[in-house]
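# Structure at a glance
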Amino acid sequence: MELFFQQLTNGLAIGGIYALIALGYTMVYGVLKLINFAHGDLFTLGAYIGFTLLTSFSLVGKMGPLPTLALYGLLIMGLVGVAGIVLERVAYRPLRSADRLAAVVSALGASIVISNSIMLIYGARFQVYPHHLLPDITLNMFGMKVPFLRMLMLVLSIVLMAILYLFVQKTRIGTAIRAVAIDHGAARLMGIDVNRIISIVFFIGPALGGAAGFMVGLYYGQLNFMMGWLYGLKAFIAAVIGGIGNIPGAMLGGLLLGVIEALGAAYISIAWKDAIAFFVLIIILIVRPTGILGERVADKI
Amino acid sequence: MKKKNYAIALVCILFFLSPLVFNAYWVDVLNNIGIYAILALSLNFILGDTGLFHMGHAAFYAVGAYTTAILNTMYHIPVIWLIPFSGLTAAIFGYLVARPIIHLRGDYLLIVTIGIVEIVRIALVNNIFGITGGSNGIFGISRPHIFGLVIRRPEQFFYYIWIFVAVSVYLFHRLRNSRFGRALNYIKEDEVAAEGTGVNISRYKLIAFVLGAFWAGMVGNIYASKMTIISPESFTFWESVVLFCIVILGGSGSINGVILGSFLLIGLPEIFREFAQARMLIFGLAMIVMMIFRPQGILPPPPRKYRIPSIN
């Protein structure tokens with residue numbers, strides 16, 4: 001029972017990360033019908049910018065850990081968001097009218113460029129975040145000991161997702177995003193500047209991914225320029241599980257995939273952990289391709 | 001037209017004489033180019049001729065190579081006899097994985113094929129069924145024997161591989177211009193219209209997958225006997241990416257384009273070895289730039305010409 005509960009919280013925490021990255025995939029897909037392969041590398045970029053910030057400046061001593069990390073978090077989100085906008089301008093906008101294969105190849109190329117740029121700048125070896133920034137306490141929940149950091153990660157992910165959900169549902173820009181996701185032409189007729197909305201989406205999605213990267217760096221402590229690839233792929237699987245193009249779906253899919261993976265690693269085998277995610281993908285695509293919360297799509301999948 | 005054919009024939013003859021001119025290192029580079037060329041031709045059949053987004057080709061390659069390695073090291077069957085058998089196992093594997101996913105649309109098929117190549121790699125590393133040797137791989141694969149001649153040196157492998165390339169080019173060329181190839185082209189251009197005209201798209205797509213897998217399995221055999229050691233590192237997702245790029249950047253659907261793509265993508269990094277660190281970066285940039293400025297590839301396939309019989 002203890003193992004189950006530990007793995008459940010573990011899975012939820014990592015699922016929160018998957019959900020944040022999956023939100024980036026699903027928003028971009030909803031608006032452009034394109035799978036942004038470079039998204040995982042923007043996640044890595046967030047982690048590495050966090051690394052640079054933490055090792056270059058020593059604000060932690062001056063302001064205390066929590067405000068510093070919050071400030072860095074916001075800074076990272078902004079910078080990675082800007083990187084997302086640049087990515088869209090350079091690699092995707094010229095191919096807006098081309099066929100899908102060209103956009104996919106361009107996305108792959110962008111992914112290779114970003115991850116290798118990170119490698120050239122920071123080196124190919126693993127980098128390590130400074131330790132013990134946040135208190136290393138363990139909470140006592142329902143009689144089990146759970147690390148505080150794990151719960152913090154989960155809570156932060158849920159808070160960010162809630163903010164995004166309210167933004168998309170209640171604000172004008174959010175409504176515009178939903179309109180562009182339905183139909184570009186009709187949105188234009190309603191007076192929406194489609195290019196601007198796409199840029200906004202390419203700011204928000206990567207910003208969330210960058211925040212996820214920072215959190216992963218703080219929790220696991222280790223960085224590698226290829227870490228974004230596996231996270232990105234699993235986050236894409238999470239988005240598909242929930243229904244791609246669907247924002248609550250991405251959140252649900254992420255949490256679900258995290259829990260399935262953690263429980264699978266504990267009860268089946270830890271060596272096959274990554275393969276479990278791909279098996280789940282294949283099953284979902286065979287059984288329910290539109291995803292759990294997906295809308296009925298007219299064209300065949 | 002005739003002059004062009006003479007020029008091509010001359011280039012081919014000169015090329016087949018190249019082991020006499022180059023030293024062993026460059027002949028080995030040419031061997032590598034040859035292996036990737038055949039792999040890319042088999043991927044071209046799936047991706048370029050049929051339009052299926054397939055990023056898991058390294059999985060079929062791996063199945064063929066490991067079949068050869070296991071059967072050769074455990075039962076000492078000569079490598080040459082295992083060529084069709086590796087192709088067969090890869091084809092069966094291709095059928096099993098493609099059957100449930102063949103109806104998926106482009107982007108989803110792409111991600112699932114990535115998943116397949118990852119599952120295969122993880123299975124190989126985890127020593128599935130206890131015969132794959134884990135992450136160390138399998139060593140001690142014997143060289144091919146043809147009528148008593150052991151193919152061991154790079155020059156001998158050059159002829160072995162490039163004759164295989166020539167045969168592959170011929171066969172794929174004939175396949176492209178056959179009724180089957182025309183059906184695949186129809187599926188690539190407009191799937192819905194093809195199905196409406198009576199082309200059974202699931203069946204043809206599946207056959208395309210299986211044929212491509214069969215060919216990749218045979219190349220796996222050649223690779224295993226050339227290296228005598230294989231390990232899961234040779235069959236990662238990045239191999240699939242390289243093959244995918246060779247097909248797309250060279251010219252998807254075009255045999256000449258694919259061969260040119262192999263020369264460029266495998267040969268150029270060898271020439272620019274000093275920039276080894278930035279190699280992948282330039283690779284990625286080239287992908288983006290090519291897609292913006294020349295998405296059909298360097299040598300796109302020639303448009304299909306059908307001669308209409310004259311009236312009188």
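Nothing here was measured: the structure is a model prediction, and the numbers come from that model. (Residues numbered from 1 in each chain as written. Chains lettered and ligands numbered in written order. Predicted model: local features only at pLDDT ≥ 70, side-chain atom pairs only at ≥ 80, totals over all residues.)

Now for the overall build of chain A. Assigned secondary structure in chain A consists of 12 helices and four strands. Here the C-alpha radius of gyration of chain A, 19 Å, is about what a compact globule of 301 residues would show, namely 19 Å. By principal-axis analysis of the C-alpha atoms, chain A measures approximately 55 × 45 × 40 Å. Counting over 301 residues, chain A shows a buried share of 49%. (Helix = DSSP H or I, 4+ residues; strand = E, 2+ residues; numbered from the N terminus. Rg over C-alpha atoms; globule rule 2.2 N^0.38 Å. Buried ≥ 20, exposed ≤ 12 C-beta atoms within 10 Å, placed from the backbone.)

What follows is about the overall build of chain B. Counting its regular elements, chain B contains 12 helices and four strands. A compact globule built from 312 residues should have a C-alpha radius of gyration of about 20 Å, and chain B, at 20 Å, falls within 12% of that. Viewed in the frame of its principal axes, chain B has a C-alpha envelope of about 65 × 45 × 45 Å. For chain B, buried positions account for 46% of its 312 residues. Of the contacts made within chain B by residues no fewer than 6 positions apart, 80% connect residues no fewer than 24 positions apart. (Contact = placed C-beta atoms within 7 Å.)

Contact with chain A, which involves 32 residues of that partner, is made by 31 residues of chain B. Of all the secondary-structure elements, those providing two or more residues to the side of chain A that touches chain B are α5 (100-122), α10 (227-242) and α12 (273-287) of chain A. When residues of the side of chain A that touches chain B are assigned to their parent elements, the largest contribution, 14 residues, is made by α5 of chain A. Within the side of chain A that touches chain B, the residues separate by chemical class into 25 nonpolar, four polar and three charged. (Nonpolar A, V, L, I, M, F, W, Y, C, P; charged D, E, K, R; others polar.)

Moving on, we get to unusual backbone geometry. If you check the backbone angles, K33 of chain A has positive phi at about 55° while not being a glycine. As for its position among the elements, K33 of chain A is in the loop between α1 (2-32) and α2 (39-56). Judged by the 14 C-beta atoms lying within 10 Å of it, K33 of chain A falls in the partly exposed class. Phi is positive for H76 of chain B, close to 55°, though the residue is something other than glycine. By the secondary structure assignment, H76 of chain B is in the loop between α3 (57-75) and α4 (82-101). H76 of chain B sits in the exposed class, given 8 other C-beta atoms within 10 Å.

Right, let's get into the confidence of the model for chain B. The pLDDT averaged across chain B works out to 87; a share of 98% of its residues lies at or above 70. Among the prediction metrics, the complex's ipTM stands at 0.82, with pTM recorded as 0.85. (pLDDT = per-residue confidence, 0-100.)

Locating G258 of chain A in the fold gives a position in helix α11 (residues 247-267). Setting aside residues no more than four positions away along its own chain, G258 of chain A makes contact with G11, L12, I14, G15 and Y18 of chain A.

Residue and element names in this part refer to chain B. The geometry of helix α7 (residues 179-189) relative to helix α9 (residues 201-227) is characterised by a closest axis approach of 10 Å and an angle of 110° between their N-to-C directions. Comparing the axis directions of α7 and α9 gives the class roughly perpendicular. Where α7 crosses over α9, the two elements pack in a sense that is left-handed. Mapping the contact onto sequence places A183, L184 and I187 in α7 and I201, Y204, K205 and A208 in α9. (Axes fitted to C-alpha atoms, helices over the stretch in contact; angles between N-to-C directions. Parallel < 35°, antiparallel > 145°, perpendicular 65-115°, else oblique. Left-handed = near helix turned anticlockwise from the far one by under 90°.)

This part is about the environment of V28 of chain A. All names here are of chain A. Structurally, V28 can be placed in helix α1. V28 gets classed as buried once you count the C-beta atoms within 10 Å, which come to 28. A sequence separation of 153 residues divides V28 from A181, and the C-alpha atoms of the two residues are 8.8 Å apart. If sequence neighbours within four positions are ignored, V28 has contacts with L34, N36, V201, F202 and G205.

Turning to the packing of α10 of chain A against α12 of chain A, a few remarks are in order. A pair of packed helices is captured by two measures, namely the crossing angle of their axes and the spacing between those axes. All names here are of chain A. Running from N to C, α10 and α12 cross one another at 30°; their axes reach a closest spacing of 10 Å. It follows that α10 is roughly parallel to α12 by the angle criterion. Both α10 and α12 take part in a crossing whose hand is left-handed. In this structure, α10 uses L230, K234, I237, V240 and I241 to contact α12, whose residues at the interface are D274, A277, V280, L281 and I284.

All names here are of chain A. For helix α6 (residues 148-170), spanning 23 residues, the distance from its first C-alpha to its last is 32 Å, which sits close to the expected 33 Å at 1.5 Å a residue. Within α6, the full set of buried residues consists of M153, L154, L156, S157, L160, M161, L164 and V168. On the buried face of α6, the contacting elements are α1, α7 (172-182), α9 (194-220) and α11. (Expected span 1.5 Å × (residues − 1).)

Looking at chain A, pLDDT values average 86 and 95% of them are 70 or higher. Within chain A, no element has a lower average pLDDT than helix α3 (residues 59-63) of chain A, which sits at 66, and none a higher one than α9 of chain A, at 92.

We now examine the environment of G253 of chain A. Residue and element names in this part refer to chain A. With respect to the helices and strands, G253 occurs in helix α11. Taking the C-alpha atoms as reference points, G253 and K33, 220 residues apart in sequence, are found 19 Å from one another. Contacts of G253, omitting those with residues within four sequence positions, involve A22, A238, A239, I241, G242, G291 and I292.

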